[in-house]
Amino acid sequence: MATTAAKTRVFLEVRRQLQSALLILGDPKEGAMPLDISIMPSSLQVKTPEGCTEIQLPAEVRLVPSSCRGLQFVAGDGLHLRLQAKAELGTKLISMFNQHLQAQECCTFYCQSCGEVIIKDRKLLRVLPLPSENWGSLIGEWCCHPDPFANKPLHPQEEDCFIGDSFFLVNLRTSLWQPRPELSPVEMCCVSSDNHCKLEPKANTKVICKRCKVMLGETMSSETTKFYMTEIIIQSSERSFPIMPRSQFVQSVIAQCLVQLSSARSTFRFMIQGQDNKVYILLWLLNSDSLLIESLRNSKYIKAFPLLEDTLKAHSSSAWSAVKVLYQPCIKSRNENLVNSWESDISIHPLTLPSATCLELLLILLKSNASLPSSLRHMNSFQVAFLKM
């Protein structure tokens, strides 16, 4: 295969379940130097009159060169082709971050932004998932007698941790470190039987980190605090604080939340809203089996499609497991009609995060979208992005 290019860029998306791959090579410009491309099972080779560049694929990925099809040149984008690919599932390269809690384990809670210890050496005897947000309205279908849980809050005990869609509920009565609200709370609210976490209009129950002043969660009662998953790292007390770039952490946590919710509740559309109930982003999960492979910037002839950060700078290529999403920004009254439509659709799941984190996520999506080849950036009226796991 041959084409012309002044600078060569490489983008490879492997669909693990479909065992297929989309390869985009180059950003050709008319009159540039000739470029010869060789595809081998474990590598891509790009030859120009000035030299040869070889891109080694991760060990988990093997291409089938003889299966190349759909070869076409897209102006301003490069050479597109599809081929079969074999990719192993569950490899070490796939997961960028997994946050799991285990009962009977002594844990320490850290602020993800600065590493400040929030709760030290807390032994969790029970780690339990909270029911879905509409379980209170369904209880009548399950019971032949009056609702036994009516008006009973779901508060964790001292050695409990309850896990919601995007938050943890913990009891801080015996903690040495008590989170300090941004302002003295006027009124407290609790998690009721329908699992709705709503603040009274005049209440200010924000919990902030004493060191970096980032919002970590909200005070739900005098003893119960809700910490957002995007703000807290929970590690075994035997392990040290893991240093991770903020954007990498946020997109990994959000990606895993989307995958888990779509699997558990068969929903693929989400409204990302702040703790102030403002909708910031509409998200539509397309697939969760993508493996992205891109060249990094340390090659003379290859300009990468960077998905935010070069986390593996020492290697000639990097691979990330990622989810592919469609999104629409909703800030500054954008897409109001679509937001109203989604809010009235019971199949769409709201995901609540701190308002600042919603804006961080929007920036991550915008940067991911801008880094894609131009032909992949839009689908119908939505924008396309990847969130690394």
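Below: a short report on this structure.

About the thresholds
- Residues numbered from 1 in each chain as written.
- Predicted model: local features only at pLDDT ≥ 70, side-chain atom pairs only at ≥ 80, totals over all residues.
- Heavy atoms only, no water.
- Helix = DSSP H or I, 4+ residues; strand = E, 2+ residues; numbered from the N terminus.
- Polar contact = N/O pair within 3.5 Å; in protein donor to acceptor, adjacent residues only side chain to side chain.
- Contact = heavy atoms within 4.5 Å.
- Pairing = 2+ DSSP bridges.
- Axes fitted to C-alpha atoms, helices over the stretch in contact; angles between N-to-C directions.
- Parallel < 35°, antiparallel > 145°, perpendicular 65-115°, else oblique.
- Nonpolar A, V, L, I, M, F, W, Y, C, P; charged D, E, K, R; others polar.
- Expected span 1.5 Å × (residues − 1).
- Buried < 20%, exposed > 50% of the residue type's maximum accessible area, 1.4 Å probe, protein only.
- Phe/Tyr/Trp six-rings, centres within 6.5 Å; stacked < 30°, edge-to-face > 60°.
- Lys NZ or Arg CZ within 6 Å of the ring centre and 35° of its normal.

What follows concerns the side chain of Gln275. Structurally, Gln275 is set in the loop between strand S19 (269-274) and strand S20 (279-295). A polar side-chain atom of Gln275 sits 2.8 Å from the main-chain amide nitrogen of Ser355. Discounting residues that sit within four places of it in the chain, Gln275 has contacts with Lys206, Met215, Glu218, Tyr228, Thr352, Leu353, Pro354 and Ser355.

Glancing now at the sheet that holds strand S9 (residues 105-111). The sheet built from 3 strands is open, its strands ordered S10-S9-S18 with antiparallel pairing. Bordering the open sheet on either side are strand S10 (117-124) and strand S18 (232-236), each of which pairs with just one other strand. Adjacent strand axes in the sheet meet at a mean angle of 25° when their direction is disregarded. Bridge count for S9 against S10 is 5 bridges, and the pairing is antiparallel. Bridging from a neighbouring strand, Cys107 pairs with Arg122 of S10.

Before going further, it helps to spend a moment on the packing of helix H2 (residues 246-265) against helix H4 (residues 355-371). It is at 10 Å that the axes of H2 and H4 come closest, and there the two elements cross at 95°. Classified by the angle between their axes, H2 and H4 sit roughly perpendicular to one another. Within the contact between the two elements, H2 uses Arg246, Ser247, Val250, Gln251 and Ile254 and H4 uses Thr357, Glu360, Leu361 and Ile364. Here the contact of H2 with H4 is composed, by residue class, of 4 nonpolar, 3 polar and 2 charged.

Here the focus is H2. Turn by turn, an α-helix covers 3.6 residues, leaving residues three or four places apart pointing in a common direction. Between its first and last C-alpha, H2 extends 28 Å over 20 residues, near the 28 Å set by a 1.5 Å rise per residue. With 15 of its 20 residues buried, H2 lies for the most part within the structure. With its phi angle positive at about 50°, Ser266 sits one or two positions after the end of H2.

This brings us to the pairing of strand S22 (residues 349-353). Going residue by residue along S22, you find His349, Leu351 and Leu353 tucked away on one face and Pro350 and Thr352 left uncovered on the opposite face. Relative to S22, S19 runs parallel, the two being bridged by 5 bridges. The partner of Phe270 across the bridge, within S22, is His349.

Note that Arg377 resides in the loop between H4 and strand S23 (378-379). C-alpha separation for the pair Arg377 and Leu326, spaced 51 residues apart in sequence, amounts to 9.5 Å. Sequence-distant contacts of Arg377, defined by excluding residues within four places in its chain, comprise Asn369, Ala370, Leu372, Phe382, Gln383 and Val384.

This structure, assessed with the given rule, holds 6 aromatic pairs. Summarising the aromatic geometry, the rings of Tyr110 and Phe241 are spaced 5.2 Å apart at their centres and angled 50° between planes, so their arrangement reads as tilted. Placement of the pair is Tyr110 in strand S9 and Phe241 in the loop between S18 and H2, with a sequence separation of 131 residues. With 6.0 Å between their ring centres and 90° between their planes, Trp284 and Phe382 make a pair best called edge-to-face. Residue Trp284 is located in strand S20, and its partner Phe382 is located in strand S24 (residues 382-388); the two are separated by 98 residues in the primary sequence. Among the residues examined, Trp284 registers a relative accessible area of 32% and is labelled partly exposed. Joined through ring pairs, the aromatic side chains of Trp284, Trp342 and Phe382 make up one cluster. Sitting above the plane of the Phe167 ring, Lys226 keeps its charged end 5.1 Å from the centroid.

What follows concerns unusual backbone geometry. Phi angles above zero are rare outside glycine, and Gln19 is one such case at about 55°. Inspection of the secondary structure puts Gln19 in the loop between strand S2 (10-15) and strand S3 (20-25). Residue class for Gln19 comes out partly exposed when judged on its relative accessible area of 30%. Positive phi, normally seen in glycine, also occurs at Asn335, with a value near 55°.

Shape is all these values report; function is a separate question.
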